[in-house]
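Working through the structure, step by step
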Amino acid sequence: MGSITPDFRFGNLVGSIIQLVLVILAIVTVLILPMIFFALFFVPLPVVNGQVLTPYLFFSMVVDPSRTLPIVKFLMHTALFKAAIFPGFLFASLIAAATIFIERKLLAKMQLRVGPLYAGKVEGIFQLLADGLKLISKEIIVPSGADKPIFWLAPVMFVSTSAAVVSLIPVAYGWVVADLDVGLIAAFALLGFFPLIALLYSWASNSKYPFLGGLRALHQMIAFEIPFFLSALPVVILSGSLNLTEIARSQNIFWNIFVMPINAFVFYISSLAELERIPFDLPEAESEIVAGWLTETSGMIFGLIQLGSYLKLYALSALFVILFLGGWYGPQIFPHELIPGASSSNISLLKIIALDGLYNAVTVNSIFWFTIKTFGIILLMLITRGVNPRIRIDILLHTGWYKLIVLTFINLFVVLTLIYGGILGPGGIILPK
Amino acid sequence: MSNLEEKIDEAKKLSMQIVKDTEDDRLMTLSVGPQHPGSGHFRFVIKLDGDYIVNVDPDPGYVHRGHEKMCEYRNYFQNLPQLERPALHDSSNILYSYCLAVEDLVGIHVPRRGQFIRAIASELDRLVYTQYWLAIYGIFLGHSTMFMWPAGDRELIIDLFERFSGHRVTHCFSIPGGVRNDFPYNFKEKCLTQVNYFEKRLKEYEHIFYNNPLFRQRTEGVGILPKEDAIKLGVTGSVLRASGVPYDIRKVEPYDIYDEIDFKVQHMKTCDSFARSYIPYLDMVESCHIIRQLLDKMPESGDVRVKLQGNMKGPPGESFKRVESGRGALGYHIVSDGASRPYRVKISTPSFRNLIALSYLLVGSKLGDMPSIYWSLNYWPIEADR
């Protein structure tokens, strides 16, 4: 494992690579190019750089590297790209995958273990890939007496609802799939679907342990939804908008966490409860109710629910960053041009390397800071798993319905007092002129 | 005649009650069975009214292997390896009382150095067992770090066992007449290093687990077993001491050299799950002190065992000896009819005696308290089933 085989020859490697490239080229010429031509002649094409894109223009642009960038730029601003790749599903999935890896390694380090080590040569970096393949290849066992349509539908609903929450998250100015005027309300409304899905799935499993787990999930999520909403209320009052982009933009100098630390704390606790993470993993408490509402999941159904819950983890961490940590704002560390003087020069290769017209220093900087902050919050959410035991349901309900709501109200009144006293405004503290 | 009619009436009422109970839709029967991850090799059927447990039906016996009967077909030395199976990770203690009983029957005295070595092995095994138990207790309360830490540190003590007995878990080290072999060269220093390190780790356990407010919330005031009830139910070990009875066989009936050792019998008066989970921890701290004292007082050289004949005949008669194991008082009652095999061997296991408290404690508590009460009883199903 992880070593070069004895009959390894470098020449063989090069030879096989050349062979592979030739085969790919042959396939492209014989099959893929005719298909693209065929498609391009019948599909109405958009306008790029003031010219209507024709198949001839498209291919001339592809062949001339200096003219490829406008096409890429055009593609990057299509709705499909945003929803599917960035900042939509693929980006969130990659962050979720990174989260799983970091979680396993971090917990292992906390617990005197090594964690995943063998899959992939460096520190078991492909463990998730191996696990995913294993889950896909496993048989999905449907319990007898299960409500089959719901049993199959619920995991898909779980992932799609998580992805819908992700689509509301702006990672930089203008980089959001769905820029709704009521973005925050939409996010909370979507999060309200999760207890329903858990209950539906647990009911459809036709088993006692999932049923108890589903009821627990319902109790827990509903108990924590109200402090969850209330903790975001002062943010809306301060920024005067429900649009997540606007909320983030209102904090470009002054982060909300400085005036509402209690609310940030309540939001964090409620997110943990919403995510069913330790210490709030009652719906999956294994020593009491086997695996809670996930008891009858097997194979890729389990995989989908795990993917959904990690997407949700990303979405809630990102929401925390947008509401309290000033969104994507941070010191500018990227240069304004990748290679100085590239845009004014005539050398096309230099322009391509410098990604002229594609590279936007402010956007890249925003994405960088947003990702860093989100990972910080994700780490904070992961660490509780290593140091806390599970909480009991009556303590949990008491915390949700009584303590957290009171705490949110305290902070709400503090913020209102500051606003009406003329001390606090949308941009932060109003300085006397 | 009238007496019989009354009895029939009573039986009818009782059966009506049972029918009513089973028909009552409010109750949900939940099997915390052998496949359930929260029970071990053991099953109990609980009836739930909402989140409250109204009835518990313990059902032990899944790992009954008939060790007592097997003893009757083997001689006194052949019995050793099979008798340590019920409590694998506490094998020194489960053999200790057997050896004491056989020695009492035959009427021999173990050399002084042998007694010390045996006591050290016993205390080390108490650490191994308690760490194993603590790991399980931690994971069943959802604290994964508390599972990994003791399970990892346990290896250090197991390495010590490997040094002097050649085996890691089931070492079969105590034998009638002493111990199998002497400690290897330089063992004392090695043992002290490990014990010192382990004491440091114990403090960290307290920080991350016992002082955790969430853990305290879950265990304090849960599953209260008052002092009178604890005595009446006949529980032993940490469960009894957590109910405020300072009862330790090492103090009450000191065996071997335990009367020369200075140690405290830890007990708490809160009688709850927290006390029951904290007492084994305090016992571990105390065990470390005891090991240090034993290593200090141990004679530098001398015999470690009295050579006995391999198929020696036990003189007719009987003997009963108890030791304090990781879970409580563990006793052997051996009856001999003069043959080379015991006539009857009866093991009195602490686990089975602590099990009696289970249905007493669980009824009326919440489902969420079930793991914290059940595992705080220091119950080891394999030992209880024998």
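Within each chain, residue numbers correspond to sequence positions counted from 1 in written order. Numbering of ligands from 1 and lettering of chains from A proceed in the order in which they are written. This being a predicted model, a pLDDT of at least 70 is required before a residue's local features are given, and a value of 80 or more before pairs of side-chain atoms are given or counted; all residues contribute to the totals for chains, interfaces and linings.

**Section: the overall build of chain A**
For the purposes of this entry, the term helix denotes a DSSP run of H or I that reaches at least four residues, the term strand denotes a run of E that reaches at least two, and both are numbered from the N terminus. Across its full length, chain A carries 17 helices and four strands. Projected onto its principal axes, the C-alpha coordinates of chain A cover approximately 70 × 65 × 45 Å. Each residue is classed by its C-beta neighbour count within 10 Å, where at least 20 other C-beta atoms makes it buried, 12 or fewer makes it exposed, and intermediate counts make it partly exposed; the C-beta atoms are placed from backbone geometry. Out of the 433 residues belonging to chain A, those deemed buried represent 36%. Taking contacts inside chain A between residues at least 6 apart in sequence as the whole, the part at least 24 apart equals 76%. It is the C-beta atoms, placed from the backbone, that decide contacts: two residues are in contact if theirs lie within 7 Å.

**Remarks on the overall build of chain B**
When its secondary structure is counted, chain B shows 15 helices and eight strands. With C-alpha atoms as the basis for the radius of gyration, the globule rule is written as 2.2 Å multiplied by the number of residues raised to the power 0.38. Since a compact globule built from 386 residues should have a radius of gyration of about 21 Å, the 23 Å found for chain B is in line with a globular shape. The principal-axis extent of the C-alpha atoms belonging to chain B is close to 70 × 55 × 35 Å. Residues counted as buried form 46% of the 386 residues belonging to chain B. Considering only residue pairs separated by 6 or more positions, chain B has 71% of its internal contacts joining residues 24 or more positions apart.

**Re the packing of helix H7 (residues 187-210) of chain B against helix H12 (residues 273-297) of chain B**
Residues and elements named next belong to chain B. Fitted lines through C-alpha atoms serve as axes, helices being fitted only where they are in contact, and the angles separating the N-to-C directions of these axes extend from 0 to 180 degrees. At a minimum axis separation of 10 Å, H7 and H12 run at an interaxial angle of 160 degrees. Here H12 runs roughly antiparallel to H7, going by the angle between their axes. The handedness of the crossing between H7 and H12 comes out as left-handed. Counted together, Lys188, Cys191, Leu192, Val195, Phe198, Glu199, Leu202, Tyr205 and Tyr210 of H7 and Tyr278, Tyr281, Met284, Val285, Cys288, Ile291, Arg292 and Leu295 of H12 form the full contact between these two elements. Note on residue classes: Ala, Val, Leu, Ile, Met, Phe, Trp, Tyr, Cys and Pro are nonpolar, Asp, Glu, Lys and Arg are charged, and everything else, Gly too, is polar. Here the contact of H7 with H12 is composed, by residue class, of 14 nonpolar, no polar and three charged. Should an angle fall under 35 degrees it is taken as roughly parallel, and over 145 as roughly antiparallel, whereas 65 to 115 is taken as roughly perpendicular and any remaining angle as oblique. It is the rotation of the near helix from the far one that decides the hand of a crossing: anticlockwise by less than a right angle makes it left-handed, clockwise makes it right-handed.

**Topic: the sheet that holds strand E1 (residues 27-32) of chain B**
Residue and element names in this part refer to chain B. The criterion for strand pairing is that DSSP finds at least two bridges linking the strands in question. Judged by pairing direction, the sheet is antiparallel, and its three strands sit side by side in the order E1-E2-E3 without closing on themselves. Every other strand in the sheet has two partners, leaving E1 and strand E3 (52-59) as the edge strands with one partner each. On average, each strand axis in the sheet is inclined to that of its neighbour by 20 degrees, with strand direction left out of account. Sheet topology note: the E1/strand E2 (residues 43-49) ladder contains six bridges and is antiparallel. Among the inter-strand pairings, Ser31 is bridged to a residue of E2, identified as Val45.

**Looking at the sheet that holds strand E8 (residues 344-348) of chain B**
Residue and element names in this part refer to chain B. Ordered by their spatial adjacency, three strands build an open sheet running E6-E7-E8, and the pairing between neighbours is antiparallel. The open sheet has two edge strands with one neighbour each: strand E6 (317-324) and E8. Averaged over all neighbouring strand pairs, the angle between strand axes comes to 10 degrees, with direction disregarded. Of the pairings in the sheet, the one linking E6 to strand E7 (residues 329-336) comprises eight bridges and is antiparallel in character.

**Points about the interface of chain A and chain B**
Across the contact, 24 residues belong to chain A and 27 residues belong to chain B. Mapped onto the side of chain A that touches chain B, the elements with two or more residues apiece are helix H13 (286-289), helix H16 (361-387) and helix H17 (393-420) of chain A.

**Examining the pairing of E8 of chain B**
All names here are of chain B. Of the two faces of E8, the one holding Val345 and Ile347 is buried and the one holding Arg344, Lys346 and Ser348 is not buried anywhere. Bridge count between E7 and E8: five bridges; the pairing is antiparallel. Counterpart to Ile334 in the pairing with E8 is Val345.

**Observations regarding the environment of Glu260 of chain B**
All names here are of chain B. One can find Glu260 in the loop between helix H11 (249-252) and H12. For Glu260, a count of 13 C-beta atoms within 10 Å translates into the label partly exposed. Taking the C-alpha atoms as reference points, Glu260 and Tyr96, separated by 164 residues in sequence, lie 18 Å from one another.

**Digging into the confidence of the model for chain B**
A residue-level look at chain B finds 96% of positions with pLDDT of 70 or above and a mean pLDDT of 86. The ipTM, which scores confidence in the relative placement of chains, is 0.79 for this predicted complex, and the corresponding pTM is 0.84. In predicted models, pLDDT denotes the confidence assigned by the predictor to each residue on a 0 to 100 scale.

**Examining helix H12 (residues 261-275) of chain A**
Residue and element names in this part refer to chain A. Every helix has an expected span of 1.5 Å times one less than the residues it contains. Relative to the 21 Å expected for 15 residues at 1.5 Å per residue, H12 spans 21 Å between its end C-alpha atoms, a close match to the ideal helical length. When you tally the buried positions in H12, you get eleven out of 15 residues, the bulk of the element. All of the buried residues in H12 are Asn263, Ala264, Val266, Phe267, Ile269, Ser270, Ser271, Leu272, Ala273, Glu274 and Leu275. Check the buried side of H12 and you find it contacts helix H8 (183-191), helix H10 (208-239), helix H14 (300-324), H16 and H17. Directly after H12, the chain includes Glu276, whose backbone phi takes a positive value near 55 degrees.

**So, the pairing of E3 of chain B**
Residue and element names in this part refer to chain B. Pairing between E2 and E3: seven bridges, direction antiparallel. In the strand pairing of E3, Leu48 is matched with Ile53. Where E2 folds back on E3, the antiparallel hairpin that results is connected by two residues, among which Gly50 adopts a positive phi of roughly 70 degrees.

**What to know about the packing of helix H6 (residues 144-165) of chain B against H7 of chain B**
Residue and element names in this part refer to chain B. With their axes 11 Å apart at the nearest point, H6 and H7 run at an angle of 170 degrees to one another. Relative to H7, H6 is oriented roughly antiparallel. For the pair H6 and H7, the contacting residues are Thr145, Met146, Trp149, Asp153, Leu156, Ile157, Leu160, Arg163 and Phe164 in the first and Phe187, Lys190, Cys191, Gln194, Tyr197, Phe198, Arg201, Tyr205, Ile208 and Phe209 in the second. Classifying every residue of the contact of H6 with H7 by side-chain character gives 13 nonpolar, two polar and four charged.

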